[in-house]
Amino acid sequence: MSIAPEAYSSAEIFAREQERVFGARLFVGSAWRVESPNAYRAYLAGKRALVTRGNGEDFATLENVCLHRGNLIHPLGYGEQPMRCGYHGWHYETDGRLRVAPLSDPGCVKHKQLQGYPTANVEGLLFAGLDGNAPALDAVRNALEAVGFAPEPGSKAFHAATLPHRANWKLLVENVLEAYHLSFLHGPSFVAQGFSSTTGFEWNHQDDCSWHFMAPKDGEDAKVRRLIPDYKRGYTHAYVAPNLFIGVTSGLIAYVGHFLPIGPGETLLEYELWETPLLMRQKTAIRDYFKEQAITFGAQVLEEDRVLLETSQIGLQYARHPCQLQPCEARVAHFHQVYNEAMHAA
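Here is a short report on the structure shown in this document. Keep in mind that what you see is a predicted model, and the values were worked out from it rather than measured.

Of all the residues in helix α1 (residues 11-20), the buried ones are Ile-13, Phe-14, Glu-17 and Gln-18. Looking straight down α1, one finds that the buried residues subtend no more than 150° of arc, so they occupy a single side. Looking at the packing, one finds that the buried side of α1 touches α4 (169-176), β16 (253-263) and α9 (330-343).

Below, the structure is given as structure tokens:
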């Protein structure tokens, strides 16, 4: 059963999604961004204000609301500072325990522990269990293995950016799950690289995650293969529910994108570009060339998508019928099934 058109703009449905879709496992950021002492990422996730921080070799996700009078302990975004509220100086340990409450009356301090959520690190990607349980990771690991995402330990992205969308989060998910639109939308980008709406692909899924592989019809790129013998032309993509996208291009560049829904018609996409171990083994000039190309290509593709997603957001508010998915949109159908099961679960 397809997702009803009204689900893309309804505030009531959006509020229910925050608990039923985003209330368990959630991708909360890349480890390299928060592994330095006192580094953090503060963000809003549904009805929660959260912060993810490094804690030695471990990572912690905590409520980001001071136990005194409800001020945000850390401003939204990335930063590096002790976990101390700027309003009245209440200071917390890295596990969320109240450390110091200056000038306070101990008899008036009843709550001394910030709510915490189990946080796991998989290939440098951090997942939190917002339902209080350890996040389910079997499907995550299989999806990352299927698309070949296995960065060198200690590596980090070479490029990071954000792109706001005036569109519902589900449109961002659906868009990356099919190649049907490539010939009609991505002529200057994907089509120019040999990928089109008719490029063959194989896909698979486990639980709420899915992945696919595409190889261009024209086969090998002889020039690149002379430079990088292990190069294999193709594109792999994984969707790790509910909010993470992983794409690997020809085994050289990895795209790590994730989003946070802000409202029924507003979504913030953040993305990073990583070198794979294969590219890191190449000469500096070759690495620099592919990195520069990836930055330009990624920004172009995402902007092409953004324009159409925002017009889709408008159109769906006037749609009279559910969407009519085609066989080549099987991953979209799988997403709709998983979404509907979550939204209608007891």
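The next point concerns the packing of aromatic side chains. Scanning the model with the defined rule gives 17 aromatic pairs in all. When the centroid spacing of 6.0 Å and the interplanar angle of 80° are considered together, the rings of Trp-169 and Phe-335 count as edge-to-face. Here Trp-169 is found in helix α4, whereas its partner Phe-335 is found in helix α9, with 166 residues between them in sequence. Their ring planes at 80° and their centres at 5.3 Å tell us that Phe-190 and Phe-297 sit as a pair that is edge-to-face. With Phe-190 in the loop between α5 (182-185) and β12 (201-206) and Phe-297 in helix α8 (residues 284-316), this residue pair connects regions lying 107 residues apart in the sequence. With relative accessibility at 25%, the residue Phe-297 sits in the partly exposed group. Through pairs of rings, three or more aromatic residues link up here, namely Phe-22, Trp-169, Tyr-239, Phe-245, Phe-259, Phe-335 and Tyr-339. One cation-aromatic arrangement involves Lys-170 over Tyr-8; the distance from NZ or CZ to the ring centre is 5.0 Å. Just above the ring of Phe-158 sits the side chain of Lys-291; from NZ or CZ to the centre is 5.6 Å.

So, about unusual backbone geometry. The linkage connecting Ala-241 with the following residue, Pro-242, adopts the cis geometry, with an omega of 0°. Examined against the element boundaries, Pro-242 turns out to sit in the loop between β14 (235-240) and β15 (244-249). Positioned with a positive phi, Asp-207 is a non-glycine residue whose angle comes to about 55°. Of note, Asp-207 is situated in the loop between β12 and β13 (209-214). Relative accessible area serves as the criterion here: at 55%, Asp-207 is assigned to the exposed category.

Right, let's talk about the state of the cysteines for a bit. Applying the stated criterion across every chain yields a total of 0 disulfides. Between Cys-66, a free cysteine, and Cys-85, which holds the nearest cysteine sulfur, the sulfur-to-sulfur gap is 3.9 Å. For Cys-66, a relative accessible area of 5% puts it in the buried group.

Time to look at the sheet that holds strand β1 (residues 25-30). The strand order β1-β10-β9 describes an open sheet built from 3 strands, whose pairing is antiparallel. Across the chains shown, the open sheet's two edge strands, defined by having one partner strand only, are β1 and β9 (119-122). Direction aside, neighbouring strands of the sheet carry axes that sit 30° apart on average.

Rules and cut-offs
Residues numbered from 1 in each chain as written. Predicted model: local features only at pLDDT ≥ 70, side-chain atom pairs only at ≥ 80, totals over all residues. Heavy atoms only, no water. Buried < 20%, exposed > 50% of the residue type's maximum accessible area, 1.4 Å probe, protein only. Helix = DSSP H or I, 4+ residues; strand = E, 2+ residues; numbered from the N terminus. Arc of directions from axis to C-beta. Contact = heavy atoms within 4.5 Å. Phe/Tyr/Trp six-rings, centres within 6.5 Å; stacked < 30°, edge-to-face > 60°. Lys NZ or Arg CZ within 6 Å of the ring centre and 35° of its normal. Disulfide = S-S within 2.5 Å. Pairing = 2+ DSSP bridges. Axes fitted to C-alpha atoms, helices over the stretch in contact; angles between N-to-C directions.

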